Amino acid sequence: MIIRSDRIYTSDGCINGVLEIENGMIKEIRKGSSEEVDHDFTGNIIYPGLIDTHNHGNYGYALRNTNQSMEERMELVECYLKNLASFGITGVFPTCSYDNVSCVESVTHKKIRGSKILGIHVEGPWLARAGEKGTAAAYPQPTKEMAEQMVRDGKGMLKLVALSPEVKNIENITDVMHENHVALSMAHTSFSFQQATDAINNFHFVTATHVGNGMSGIHHRDVGALGAALLNQDIYCEIICDFIHLCKEMVEIIFKVKSHDKLMLISDNSEFTRLPKGRYKLDGGYIDSDGVNTLITNTGKIQGSNRTILNGLQNIVKEIGISLEEAWKMTSYNVCTHYGIEKRGKLEQGYYADFVVMNQNLEIEKTFLEGIEIYDSKKDQPKINELFVEENMIK
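Residues numbered from 1 in each chain as written. Predicted model: local features only at pLDDT ≥ 70, side-chain atom pairs only at ≥ 80, totals over all residues. Heavy atoms only, no water.

Caption draft 1: Summary view of the overall build of the protein. Along the protein, the regular secondary structure elements total 10 helices and 22 strands. Over its C-alpha trace the protein gives a radius of gyration of 20 Å, about what one expects of a compact globule, namely 21 Å for 395 residues. Dimensions of the protein, computed from C-alpha atoms along their principal axes, come out at roughly 65 × 45 × 40 Å. Residues counted as buried form 58% of the 395 residues belonging to the protein. Counting every atom, the protein has about 16,500 Å² of accessible surface; 46% of that belongs to carbon and sulfur. Separation between the mean location of the 40 positive side-chain charges and that of the 53 negative ones in the protein comes to 2 Å. (Helix = DSSP H or I, 4+ residues; strand = E, 2+ residues; numbered from the N terminus. Rg over C-alpha atoms; globule rule 2.2 N^0.38 Å. Buried < 20%, exposed > 50% of the residue type's maximum accessible area, 1.4 Å probe, protein only. Areas by Shrake-Rupley, 256 points an atom, 1.4 Å probe, with all protein chains shown as cover. Lys, Arg positive; Asp, Glu negative; His and termini not counted. Charge placed at Lys NZ, Arg CZ, Asp CG, Glu CD.)

Caption draft 2: Looking closely at the sheet that holds strand E18 (residues 285-289). Read from one edge to the other, the open sheet built from 3 strands follows the order E17-E18-E19, with strand pairing classed as antiparallel. One side of each edge strand has no neighbouring strand; the edge strands of this open sheet are strand E17 (278-282) and strand E19 (295-297). Sheet twist, expressed as the average angle between the axes of neighbouring strands with direction ignored, equals 30°. In the sheet, E18 pairs with E19 via 3 bridges, with the strands oriented antiparallel. Looking at E19, one finds that Ile287 is bridged to Thr297. (Pairing = 2+ DSSP bridges. Axes fitted to C-alpha atoms, helices over the stretch in contact; angles between N-to-C directions.)

Caption draft 3: Molecular detail of the pattern of salt bridges. Enumeration according to the criterion identifies 20 salt bridges in this entry. Residues Glu20 and Arg30 are paired through a salt bridge, measuring 2.7 Å at the closest nitrogen-oxygen approach. Remark: Arg30 occurs in strand E3 (residues 25-31) and Glu20 occurs in strand E2 (residues 13-22); sequence separation between them is 10 residues. Like Glu20, the residue Arg30 is buried in the burial classification. With a closest N to O distance of 2.6 Å, Glu78 and Lys110 form a salt bridge. With Glu78 in helix H1 (residues 70-84) and Lys110 in the loop between helix H2 (101-107) and strand E10 (116-117), this pair connects stretches of sequence that are 32 residues apart. Classification of Glu78 by relative accessible area gives buried; the value is 16%. According to the relative accessible area criterion, Lys110 is partly exposed, its value standing at 40%. Several salt bridges converge on common partners, so that one network encompasses Glu20, Glu22, Lys27, Glu28, Arg30 and Glu35. (Salt bridge = Lys/Arg side-chain N within 4 Å of Asp/Glu carboxyl O.)

Caption draft 4: Spotlight on the environment of Ile254. Inspection of the secondary structure puts Ile254 in helix H7 (residues 248-257). We classify Ile254 as buried; its relative accessible area is 0%. C-alpha separation for the pair Ile254 and Ile235, spaced 19 residues apart in sequence, amounts to 13 Å. In this structure, Ile254 is in contact with Val211, Leu230, Ile239, Leu246 and Leu263, ignoring residues within four places of it in sequence. (Contact = heavy atoms within 4.5 Å.)

Caption draft 5: Fine view of the environment of Val211. Take Val211: it is sitting in the loop between strand E14 (205-208) and helix H6 (224-231). Considered as a pair, Val211 and Leu263 are 52 residues apart in the sequence and their alpha carbons are 9.6 Å apart. Aside from chain neighbours lying at most four places away, what touches Val211 is Leu226, Ala229, Leu230, Cys237, Glu238, Ile239, Leu246 and Ile254.

Caption draft 6: Representation of the pairing of strand E15 (residues 236-239) in the model. The alternating pattern of E15 places Tyr236 and Glu238 and Cys237 and Ile239 on opposite faces, both of which are buried. Bridge analysis of E14 against E15 gives 2 bridges, and the strand direction is parallel. Directly across from Thr207, in E15, lies its bridge partner Tyr236. In this fold, the crossover linking E14 to E15 by way of H6 has right-handed handedness. Pairing of E15 with strand E16 (residues 263-265) involves 3 bridges; the strand directions are parallel. The residue of E16 that forms the bridge with Glu238 is Met264. Following the backbone out of E15, through H7 and into the adjacent parallel E16, one traces a crossover that is right-handed. (Right-handed = clockwise from strand over helix to strand, strands pointing away.)

Rendered as structure tokens:
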């Protein structure tokens, strides 16, 4: 298959030319070709497929363990992956509960017209800081046996575990993960700058979870865990650029302080993302969704995002002035470098043909995974889990 565009964002810059794709891989990239092509996307943008390593769900499809059967939960994961393609996501770390790892892993190798599972992420349950206006939740005691079970359930696909360093006996988890080459992320912590810096070294943290959120912030006498994450250039930072979790000015500060090679755009989407506007049950309380931007709990806490990585890309390009030549590293490639994902995340000869076709407003027209179209905005619509809405919407 040969496709053409006058704006193809390759690892060597933006070119006017063609991509030749064979067996799901980019066989060759040629500039200024006048040859016949299978698809002509001239006037549109061809950009590396987005990769989201922190995503809990969408449209009523949850990645938490429920009372449903394994088969039913696997079907939820499949629908979740199909919907992700409409966001331009070609690769994802489904971010599930610690007791649902085996379910997600079971879907990993299934042929689905949707995003590809590149790893599994578990955030918690060992989280000490609830965040602004949040209420701390109870969590089980961290044991070596729990950690070993997670690793077994993942069958090599468990790539990332996020937890709080101040949790008592957390080394029972971190030691097992480190021994099994599972990346550790510092999350939901109230630690000071020095405490966070010591924790990074002692617990082998390599990532900071949704930097600036759920962590002690910058104060002029102690720059907190946020300062520790930004000043340590060995730490990769997840960043939500919806301008809700972080205001525009804080995103600008982070972009000036932190190497762009160490920033990874994430969504922190949940099962409530893009559900119809309304109020929904949540862990004994409720969450309000405006259907587009915000998800706010009954305590006033921001709980996940209604916006996607694509919205973050639009924000940093249009509002902050980051070029697409620079942005693709943060939306697609840095995660591959960080987590050892091979031959994905950029448009280059010998890499998988994972890409999106966007219009001039940076809206998704088509999504391709390994050279196969998995989403077409003119034909495909995301599917809402109507049963979830029926059971959880408060009327």
